Amino acid sequence: MRFKPALLSVATATIVPIVAPLTTLAQPQNERPIDAAQVLSAIERGVAYLKREQPPRGRWHEMPGYDGGVTALCTLALLNSGVGPDDPVVRQALETLRGLEADKTYTVALQTMVFCAAEPKKDMIRIQRNVRWLEDHQVKEEGRRGAWSYPGPGGDNSNSQFAVLALYDAQRVGVEVSRETWEHAEKYWRSTQNDDGSWGYVPGDAGSGSMTCAGIGGLAICSAALASGDAAVENDRAVCCRPHEKDDALDRAIDWLAQRFSVDHNPRPAGSGQAVLYYYLYGLERAGRLTARRFIGDHDWYREGAEVLVREQDSLSHYWKGGWYAERDPRISTAMALLFLSKGRRPIVMAKMKYGEGNEWNQHRRDAANLTAYTEEAWELGLTWQVMDPENAAVEDLLQAPVLYISGNQAPNLMPHAEKLRDYVDRGGFIFAEACCSAPSRFDAGIRQLMAAVFPEPEYQLQRLTPGHPIWRMQDLVRPDSPYVGRLWGVEYGCRTCVVYVDQDLSCYWELAQPGQWSRYPDAVKRHIADALAVGVNVLTYATNREPKGKEQSFNTPDDGESAAADGARGVIEIAKLSHGGGCNDAPGALLNLLRTASQGEAKLQVRAAPELINISNENLFRYHLVFMHGRHDFRLTDAERKQLREYLERGGTLLADSICASQPFTAALRRELAAALPDHSLQRIPVDDPLFTTANGGFDIRQVSLRDPQAAAAGQPVAARVRQVEPQLEGIQMGGRWAVIFSPFDISCALESHEAIGCRGYTQQDAARIGLNVLLYSLNQ
């Protein structure tokens, strides 16, 4: 199964993210933090360079003695950067590699990784052949047994890490790797780790950053392949929450790396090791990703590495070039830089919440990894996951993950973070909780208490999910007799379910779902694993709409130092939300996010939302030049409310309204109430050439917008098929030559909440924000 990296278009950076960026002081251009567009542009340019450098015969220039090695490395970089196997350059390279009888560890390993990444079913025999070659050439002599080497005796950590990476990829696509091979490799990595936690090039060498990253990746892979895990099958039954064996080898290595962290050189003792940079960064990506860490020490390893790579890319030819002899070849350096940028930017699909002093939060240590691997295969998309410690995380950090996963068998110690979790949900986040270890009572009481603190409003309480909820069928169909039917609870918040709690163990069965290995279990256990995976992947699909964002999307474009507060030309604009009985606050973050966008965009408007909902009959209504209204249910206005609404509009006020998720009951009610309040006026389609849709008022050209199709999304059609380009379908009422009422019968509010719900017919997040900004700017200029 090939995982598509799904690179986002550079054009996605055209609107300010709804998540508030961190403020920065004015800086010289070459010192400013990078943004998403720069990362994606660097990848695209690096890809173009490698493509240009491929000779007509399909094989890049090789290093002496490594026939096919550079070609395999460049092909692997292209595949991970979003270039498919049908691309002419990649197709020609694949044919070259298929005809190659590799006989060196580096080349065999890289060739294997290419076959696994491109078309594993087509190349399965070749992958199996290479796995047998790697097993046969594992060092058998004592001293370095379990390593791999150049031809001849010995063994080193560089050859060994590439061999382990290839075996890992092969096992993931279904090729069996012998347990003996993994056992010898794991013993080698453990026995060669230095006392300070590092690894050198060969046993006994002083540690270096590149080789410590090799050891972290190698040990993480071997341990996962071998360990019986925190759950097991005994006597045809699953045994959950097994005692943890203490193992601090990886933690000691990460600590060593954190203390010497760098992204502009390979950490090593003076005068020792090799000054490899791009090779080291490729290893750093694995160390961070395979241990599910966003931070190494206090360092956001991907962001810091990406900043260096974006700035070090040659401005003319768009290659990277290092100082070490192999890295002086820009094709090698460029391939490794692309592997860091592309594999490191894999979207985070979930973050497992750490809490408490012990391992209560992590009873099953591979649950999230195995669920992520299953989701990768289901979505055909490369994904990753992370551990999140709320003690050290701001809301912006939590928003790196679209789903926060909370597991345990004791009350989760997260009450001090209830407000932070609410802020996370208000900005589009999703909470997924499960009670494990067949002892849910303490966790159950604790998670319910936590959710009551996160959502003190009585209307937002945990309720059983109904049989008609889309979570039962989003990706996999949950069997009617699944043990999880009737065991899912949710919080309905605005236009979506934002919390799902499962009061029965999921993580135990995710722990057992080791890729390529759980087919050997008894049928009853396999069914339970499949049921648990179905619930997990369905929740992730519902929460993300199969569109998680790459890490670089959190790299916010910095302000140029001119804060909105310094621009007093427009004064403070206050917008009110109208109170009514049709779900007037069902998307509570929509207006706030729209105004946040307005204050951060090019207009830098000083805007804020009124602190409370306002009744239409309230005399303070006339303080606001623009009011906002949305809902999803039928409602009725009183005669006094209709009269005041008419007077407000006649005196120059503007009403912006939308129907949450294209709700027919709300749309019908709004049409009826406007007709009653304004009997001499009627809603009409606003023509596409109206200034409202152009840049005439300082906004965006939105004469073509993207409209989401829930039927295509629910059917699991590709992302491109779920969205179609249309003219904006807004309706309005004209009074005095201006649009006094602007109404969207399609959803704007859900999108503004950063949650483009799977069953919600409406505009995409970017176009919803643009429509709202254009209406705001239009109202100011009338």
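Refer to the structure presented above.
Conventions adopted
Residues numbered from 1 in each chain as written. Predicted model: local features only at pLDDT ≥ 70, side-chain atom pairs only at ≥ 80, totals over all residues. Heavy atoms only, no water. Salt bridge = Lys/Arg side-chain N within 4 Å of Asp/Glu carboxyl O. Helix = DSSP H or I, 4+ residues; strand = E, 2+ residues; numbered from the N terminus. Buried < 20%, exposed > 50% of the residue type's maximum accessible area, 1.4 Å probe, protein only. Phe/Tyr/Trp six-rings, centres within 6.5 Å; stacked < 30°, edge-to-face > 60°. Lys NZ or Arg CZ within 6 Å of the ring centre and 35° of its normal. Pairing = 2+ DSSP bridges. Contact = heavy atoms within 4.5 Å. Axes fitted to C-alpha atoms, helices over the stretch in contact; angles between N-to-C directions. Expected span 1.5 Å × (residues − 1). Core = buried A, V, L, I, M, F, W, Y, C linked by side-chain atoms within 4.5 Å. Disulfide = S-S within 2.5 Å.

Undergrad: Any chance you could explain the pattern of salt bridges here in plain terms?
TA: Where charged atoms of side chains with opposite charge meet at close range, the side chains can pair. A complete count under the given rule lists 41 salt bridges for this structure. Across the pair Arg252 and Asp248 runs a salt bridge, and its minimum N-O distance is 3.6 Å. In this structure, Asp531 and Arg479 form a salt bridge, with 2.5 Å as the shortest nitrogen-oxygen distance. Placement of Asp531 in helix H18 (residues 523-544) and of Arg479 in the loop between strand E9 (463-464) and strand E10 (488-493) is noted, with a sequence separation of 52 residues between them. Note on Asp531: relative accessible area 4%, which makes it buried. If you follow the salt bridges from partner to partner, you end up with Glu95, Arg98, Glu119, Asp123 and Arg126 in one network.

Undergrad: Teacher, can you tell me more about the packing of aromatic side chains here?
TA: Each aromatic ring pair is characterised by the separation of its centres together with the angle its planes make. Across all of its chains, the model carries 21 aromatic pairs by this definition. Both rings, one in Tyr188 and one in Trp189, keep their centres 5.5 Å apart while their planes meet at 70 degrees; by these two values the pair is edge-to-face. Three or more aromatic residues joined by ring pairs make a cluster, and in this case those are Tyr106, Tyr150, Phe162, Tyr279, Tyr282 and Trp324. Across from the ring centre of Tyr282, 4.3 Å away, lies the NZ or CZ of Arg286, which sits over that ring. The ring of Trp489 carries Arg448 above its face, with NZ or CZ at 4.2 Å from the centroid.

Undergrad: When you look at the sheet that holds E10 in this model, what are you seeing that I'm missing?
TA: Spatial ordering of the open sheet is given by E6-E5-E7-E8-E11-E10-E9, a layout of seven strands whose pairing is mixed. Of all strands in the sheet, those bounded by a partner on one side alone are strand E6 (384-388) and E9. Relative to strand E8 (residues 430-435), strand E7 (residues 403-408) runs parallel, the two sharing six bridges. Along E8, the bridge assignment pairs Tyr405 with Phe432. On the sheet, helix H13 (residues 367-379) packs against strand E5 (348-353), E6 and E7 and is oriented at approximately 165 degrees with respect to E5.

Undergrad: I would appreciate a short explanation of the sheet that holds strand E22 (residues 762-763) in the present structure.
TA: Backbone hydrogen bonds hold the strands of a sheet together, and the pairing may be parallel or antiparallel. An order of E19-E18-E22 is seen for the three strands of this open sheet, with the pairing classed as antiparallel. Across the chains shown, the open sheet's two edge strands, defined by having one partner strand only, are strand E19 (723-726) and E22. Two strands pair when backbone bridges link them, and strand E18 (residues 705-708) and E22 are joined in this way by two bridges, in the antiparallel orientation. The residue bridging Arg708 from the neighbouring strand is Gly762, located in E22.

Undergrad: How should I be thinking about the side chain of Gln161 in this particular structure?
TA: Positionally, Gln161 belongs in helix H6 (residues 157-172). The contact partners of Gln161, leaving out residues within four places of it in the chain, are Trp189, Met211, Ala214, Tyr279 and Arg286.

Undergrad: Please clarify how helix H7 (residues 179-191) should be interpreted in this entry.
TA: Side chains that are three or four residues apart share a direction in an α-helix, a result of its 3.6 residues per turn. In a regular helix each residue adds 1.5 Å, so 13 residues correspond to 18 Å; H7 covers 18 Å between its end C-alpha atoms and thus fits that length. As for H7, its buried residues are in contact with helix H5 (124-136), H6 and helix H8 (209-226).

Undergrad: Explanation requested: the environment of Tyr509 in the structure shown.
TA: Structurally, Tyr509 can be placed in helix H17 (residues 507-512). Among the residues examined, Tyr509 registers a relative accessible area of 12% and is labelled buried. Taking the C-alpha atoms as reference points, Tyr509 and Ala231, separated by 278 residues in sequence, lie 7.8 Å from one another. The residues contacting Tyr509, other than those within four sequence positions of it, are Ala238, Tyr484, His528, Ile529 and Ala532.

Undergrad: What is the right way to read the nonpolar core from this model?
TA: One recurring pattern in soluble globular proteins is that nonpolar side chains are buried together. Ranked by internal contacts, the top residues of the largest apolar core, which has 100 residues, are Trp182, Leu284 and Leu341. Of all hydrophobic cores here, the second largest spans 45 residues; its members include Val478, Leu506, Leu512 and Val537.

Undergrad: Please clarify how unusual backbone geometry should be interpreted in this entry.
TA: Located in the positive-phi region is Asp236, a residue other than glycine, with phi close to 65 degrees. Position of Asp236 among the secondary structure elements: in the loop between strand E1 (232-234) and strand E2 (237-239). At Ala662, a position not held by glycine, the phi torsion is positive, near 55 degrees. Turning to its location among the elements, Ala662 is positioned in the loop between strand E16 (654-659) and helix H21 (664-677). Using a relative accessible area of 13% as the deciding quantity, one classes Ala662 as buried.

Undergrad: Would you mind going over the state of the cysteines with me for this structure?
TA: A full pass over the atoms with the stated rule returns three disulfides. Covalent S-S linkage joins Cys241 and Cys437, the inter-sulfur distance amounting to 1.7 Å. Sign of the S-S torsion, about -90 degrees for the bond between Cys241 and Cys437, identifies this disulfide as left-handed. Of this pair, Cys241 sits in the loop between E2 and helix H9 (249-259) while Cys437 is found in the loop between E8 and helix H16 (441-454), placing the two residues 196 residues apart along the sequence. The residues Cys241 and Cys437 share a single accessibility class, namely buried.

Functional significance is not addressed by these values, which are geometric in nature.
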